[in-house]
Amino acid sequence: MASFKTNLPRHVAVIMDGNGRWATSRGLSRSEGHRAGADSIDKLMDASLSLGLENVSLYAFSTENWKRPITEIKSIFELLVEYIDSRLQTIHEKGIRIHHSGSRKRLTSKVLAKIDHAVEQTKRNRKLNVNFCLNYGSQEEVLQAAQKVFADRWKKKVSPEKPISVKELEKYLYTHPLPSVDLLIRTAGERRLSNFLLWQSAYAELFFTETLWPEFNRQSLEEALDWFKKRTRKFGGLENG
């Protein structure tokens, strides 16, 4: 494999899929699958630090996941609170900065307080940005960003005829100021984006793996990075300029 200290993607996004299938195949509950998936987040953060990645976004809970059974939703958010309580100090000591992307609607005051505390405590850390996309939906994100652009323009009395620029809209995305996604990884064999970082992934390289998320480890990440380095990224142009 190539050296992982060069030609790294600035922003890696991960759709963490397969917790339920991992649990079912072992005769375990789905909640136990989510707990195993949380352990894989720890492994990914450690590997990302070691390999020199700058930004990692994780699809933790989508706006569509509210359609799941209430018992599973409750279990996921209880695990989130437990995860922050038990890991935050270690995450902070490692120099990891926590970012939250997603709507605050429907989240309980307890969950919001935990998220806000994690963001606040780690805001000065610079070794790695980890963006938890929680209660996140990309279409909703772009819609609310556009609404905020128009509201801001109304206050400033900017002509509605003036075209909106990419940079102007991006300032209102949940992910601001993180850079565009270079590499998007989806586990568990599925090959779709599922309303995840659609704007930010306009020119991302898409890596799909059969590995279930609880089994995703440093070697899995290195395989994705090695594949990324072999890609020719033209961004709509020609390979030789």
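Residues numbered from 1 in each chain as written. Predicted model: local features only at pLDDT ≥ 70, side-chain atom pairs only at ≥ 80, totals over all residues. Heavy atoms only, no water.

1. Overview of the UniProt feature "active site" (unreviewed entry) in the protein
Inference 1: When the UniProt feature table is mapped to this numbering, "active site" (unreviewed entry) covers Asp17 and Asn65. The greatest C-alpha distance among the residues just named is 12.4 Å, despite their covering 49 residues of sequence, which places them together in space.
Inference 2: Turning to its location among the elements, Asp17 is positioned in the loop between strand E1 (11-15) and helix H1 (19-24).
Inference 3: A residue is classified by how much of its surface remains accessible, and Asp17, at 17% relative accessible area, is buried.
Inference 4: With residues near it in sequence (within four places) discarded, Asp17 still touches Arg186, Thr187, Ala188, Glu190, Leu212 and Trp213. (UniProt positions renumbered as here; feature names shortened; annotations may be inferred. Helix = DSSP H or I, 4+ residues; strand = E, 2+ residues; numbered from the N terminus. Buried < 20%, exposed > 50% of the residue type's maximum accessible area, 1.4 Å probe, protein only. Contact = heavy atoms within 4.5 Å.)

2. Quick look at the nonpolar core
Inference 1: Counting residues in each nonpolar core, the largest one holds 44 residues, and the members touching the most others are Leu58, Phe77, Ile185 and Leu221.
Inference 2: The biggest single contributor to this core is helix H3 (residues 70-93), with ten residues.
Inference 3: Those residues in contact with Leu221, other than ones at most four positions away along the chain, are Leu44, Ala47, Ser48, Leu51, Leu53, Ile185 and Phe216.
Inference 4: In terms of nonpolar packing, the next biggest core, distinct from the first, is built from eleven residues, Ala13, Ile15, Phe196 and Ala204 among them. (Core = buried A, V, L, I, M, F, W, Y, C linked by side-chain atoms within 4.5 Å.)

3. Let's talk about the UniProt feature "binding site: Mg(2+)" (unreviewed entry) in the protein
Inference 1: Taking the UniProt record as the reference, the feature "binding site: Mg(2+)" (unreviewed entry) is found at Asp17 and Glu205.
Inference 2: Position of Glu205 among the secondary structure elements: in strand E6 (residues 205-208).
Inference 3: Filtering out sequence-adjacent residues up to four positions away, Glu205 remains in contact with Asp182, Leu183, Leu184, Trp227, Phe228, Arg231 and Arg233.

4. Topic: helix H2 (residues 30-51)
Inference 1: Helix length check: H2, at 22 residues, gives a terminal C-alpha distance of 31 Å against a target of 32 Å (1.5 Å per residue), a fit within 8%.
Inference 2: Taken together, the buried positions of H2 are Gly33, His34, Ala36, Gly37, Ala38, Ser40, Ile41, Leu44, Met45, Ala47, Ser48 and Leu51.
Inference 3: At the C-terminal side of H2, Gly52 shows a positive phi close to 90 degrees. (Expected span 1.5 Å × (residues − 1).)

5. Looking at the pairing of strand E5 (residues 183-186)
Inference 1: Here E5 shows two buried faces, one formed by Leu183 and Ile185 and the other by Leu184 and Arg186.
Inference 2: One ladder, built from four bridges, connects E1 with E5; its direction is parallel. Residue pairing in the sheet places Ile15 in a bridge with Arg186 of E5.
Inference 3: Pairing of E5 with E6, which is carried by four bridges, proceeds in the parallel orientation. The residue bridging Ile185 from the neighbouring strand is Phe207, located in E6. (Pairing = 2+ DSSP bridges.)

6. Concerning helix H5 (residues 138-156)
Inference 1: Taking 1.5 Å of rise per residue, 19 residues should cover 27 Å, and H5 covers 27 Å from first to last C-alpha, within 8% of that figure.
Inference 2: Within the sequence span of H5, burial applies to Ser138, Glu141, Gln144, Ala145, Val149 and Arg153.
Inference 3: Contacts made by the buried residues of H5 are with strand E4 (128-136) and helix H6 (166-170).
Inference 4: Directly beyond the C-terminal end of H5, a positive phi value near 60 degrees is found at Lys157.

7. Quick notes on the environment of Gly52
Inference 1: Within the fold, Gly52 resides in the loop between H2 and strand E2 (55-62).
Inference 2: In this structure Gly52 comes out as partly exposed when scored by relative accessible area, which is 35%.
Inference 3: In this structure the C-alpha to C-alpha distance between Gly52 and Arg10, which are 42 residues apart in sequence, comes to 9.6 Å.

8. Side note on unusual backbone geometry
Inference 1: In this structure, Pro177 follows His176 across a cis peptide bond, with omega equal to 10 degrees.
Inference 2: Here Pro177 lies in the loop between H6 and E5.
Inference 3: With phi around 75 degrees, Arg106 is a residue other than glycine that occupies positive phi space.
Inference 4: Overall, Arg106 belongs to the exposed group, its relative accessible area being 58%.
Inference 5: One non-glycine residue with positive phi stands out, namely Ala188, at about 70 degrees.
Inference 6: For Ala188, the position within the fold is in the loop between E5 and E6.
Inference 7: Given the relative accessible area of 7%, Ala188 is considered buried.

9. Remarks on the sheet that holds E4
Inference 1: Sheet architecture is open: six strands sit in the order E3-E4-E2-E1-E5-E6, paired in parallel fashion. With one partner strand each, in any of the chains shown, strand E3 (96-101) and E6 form the two edges of the open sheet. Direction aside, the axes of adjacent strands within the sheet are offset by 20 degrees on average.
Inference 2: With respect to the sheet, H2 is in contact with E1, E2, E3 and E4, its orientation differing from that of E4 by roughly 145 degrees.
Inference 3: Contacts from helix H4 (residues 109-121) reach E3 and E4, with the element oriented near 140 degrees to E3. (Axes fitted to C-alpha atoms, helices over the stretch in contact; angles between N-to-C directions.)

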